Amino acid sequence: MDDPLIVVALLLVAAAATAAVAARDPVRQALVLSVLGVTLAVLFTVMQAPDVALSQLAVGAALTPLLLLLSVRKIGRREQRARQGDGQGNRKENRKGKGKAR
């Protein structure tokens, strides 16, 4: 009876992995990666490995996508500052007297 469940879980994992690879937008990739983590956790649960499933939920479905989203956000801010010319960071340094503007 477990075999059809395993096949369904494997198909879900394959579909989520394909969607993660096919997504072009980094934010969408992080969200799909989170879905992939959840589907992998379901697969591990079906295969009677609840300890691995809990680890997968914590790391694969929560922490890794969160770190990716935070990185994309920080890179976006840096690019926005670069497009504006003189960033606010250089002005703060000059006011505090810690360094010269770049």
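Before reading on, note that the structure itself is shown above.
Thresholds, definitions, all that
For every chain, the first residue of its written sequence is number 1, and the numbers climb from 1 along that sequence. Whole-chain, interface and lining totals are the exception, using all residues; otherwise, since this is a predicted model, local features are given only for residues with pLDDT of at least 70 and side-chain atom pairs are given and counted only at 80 or more. The basis for every side-chain value is the complete set of heavy atoms in the structure, and neither hydrogens nor water enter the calculation. Where helices and strands are cited, they refer to DSSP runs of H or I of at least four residues and of E of at least two residues respectively, numbered from the N terminus. Relative accessible area decides the class of each residue, using a 1.4 Å probe on protein chains only: under 20% of the type maximum gives buried, over 50% gives exposed, and in between gives partly exposed. Contacts are residue-level and defined by heavy atoms, with any inter-residue pair within 4.5 Å sufficient. Note on definitions: angles span 0 to 180 degrees between N-to-C directions of axes, and those axes are lines fitted to C-alpha atoms, for helices only across the stretch in contact. Comment on the angle field: the value is read as roughly parallel under 35 degrees, roughly antiparallel over 145, roughly perpendicular from 65 to 115, and oblique elsewhere. Basically, the charged four are Asp, Glu, Lys and Arg, the nonpolar ten are Ala, Val, Leu, Ile, Met, Phe, Trp, Tyr, Cys and Pro, and anything else, Gly included, counts as polar. Patch rule: a residue counts if its relative accessible area is over 30% and it has no salt bridge; like charges are joined within 9 Å, and nonpolar side chains (Val, Leu, Ile, Met, Phe, Trp, Tyr) within 5 Å. In these tables, accessible area is a Shrake-Rupley quantity obtained with a 1.4 Å probe, and a residue counts as shielded only by the protein chains included in the view. Throughout this description, the term salt bridge denotes a Lys or Arg side-chain nitrogen within 4 Å of a carboxyl oxygen of Asp or Glu. Charge convention: Lys and Arg are scored as positive, Asp and Glu as negative, and His as well as the terminal groups of each chain are ignored. All charge positions are set by atom: Lys at NZ, Arg at CZ, Asp at CG, Glu at CD. Here, nonpolar core refers to any group of buried Ala, Val, Leu, Ile, Met, Phe, Trp, Tyr and Cys residues whose side-chain atoms link them within 4.5 Å. Take the number of residues in a helix, subtract one, and multiply by 1.5 Å to get its expected span.

Draft legend 1. Highlighting the overall build of the protein. Per the secondary structure count, the protein includes four helices and zero strands. When the elements of the protein are put in sequence order from the N terminus, they spell out α-α-α-α. Looking at the protein residue by residue over its 102 residues, the buried ones come to 22%. Here the contacts in the protein between residues at least 6 apart in sequence split such that 47% fall between residues at least 24 apart.

Draft legend 2. The arrangement of the packing of helix α2 (residues 26-46) against helix α3 (residues 50-84) in detail. At a minimum axis distance of 8 Å, the contact between α2 and α3 shows a crossing angle of 175 degrees. On the basis of their axis angle, the class for α2 and α3 is roughly antiparallel. Seen from α2, the contacting residues are Pro26, Val27, Ala30, Leu31, Leu33, Ser34, Gly37, Val38, Leu40, Ala41, Phe44 and Thr45; seen from α3, they are Val52, Ala53, Gln56, Leu57, Gly60, Ala61, Thr64, Pro65, Leu68, Leu69 and Val72. Of the residues belonging to the contact of α2 with α3, the class tally is 17 nonpolar, six polar and no charged.

Draft legend 3. View of a positive patch on the surface. Among the surface-exposed residues, Arg73, Lys74, Arg77, Arg78 and Arg81 lie close enough to one another that they form a single positively charged patch. When you line up the elements, Arg77 lands in helix α3.

Draft legend 4. Broad picture of the side chain of Gln56. Topologically, Gln56 is positioned in helix α3. Contacts of Gln56, omitting those with residues within four sequence positions, involve Gly37, Leu40, Ala41, Phe44 and Ala61.

Draft legend 5. Up close: the nonpolar core. With five residues, the main nonpolar core is built from Ala9, Val13, Ala16, Leu36 and Leu43. Broken down by element, this core gets its largest block of residues, three residues, from helix α1 (residues 2-22). When residues no more than four places from it in sequence are discounted, the contact partners of Val13 are Leu36, Thr39, Leu40 and Leu43.

Draft legend 6. Local environment of the side chain of Ser34. When you line up the elements, Ser34 lands in helix α2. Of the residues examined, Ser34 reaches a relative accessible area of 18% and is grouped as buried. Here Ser34 is in contact with Gly60, Ala61 and Pro65, once residues within four sequence places are set aside.

Draft legend 7. Broad picture of the pattern of salt bridges. Scanning the model with the defined rule gives one salt bridge in all. Here Glu79 ties to Arg83 by a salt bridge, and the two come within 3.9 Å at their closest N and O atoms. Of this pair, Glu79 and Arg83 both sit in helix α3, four residues apart, which is roughly one turn of the helix. A relative accessible area of 67% places Arg83 in the exposed class.

Draft legend 8. Molecular detail of α2. For α2, which comprises 21 residues, the first-to-last C-alpha distance of 30 Å matches the rise-based estimate of 30 Å (1.5 Å per residue) to within 8%. Among the residues of α2, those classed as buried are Ala30, Val32, Ser34, Leu36, Gly37, Thr39, Ala41, Leu43 and Val46. Of the surrounding secondary structure, the elements contacted by the buried residues of α2 are α1 and α3. Of the residues trailing α2, Gln48 is marked for its positive phi of about 65 degrees.

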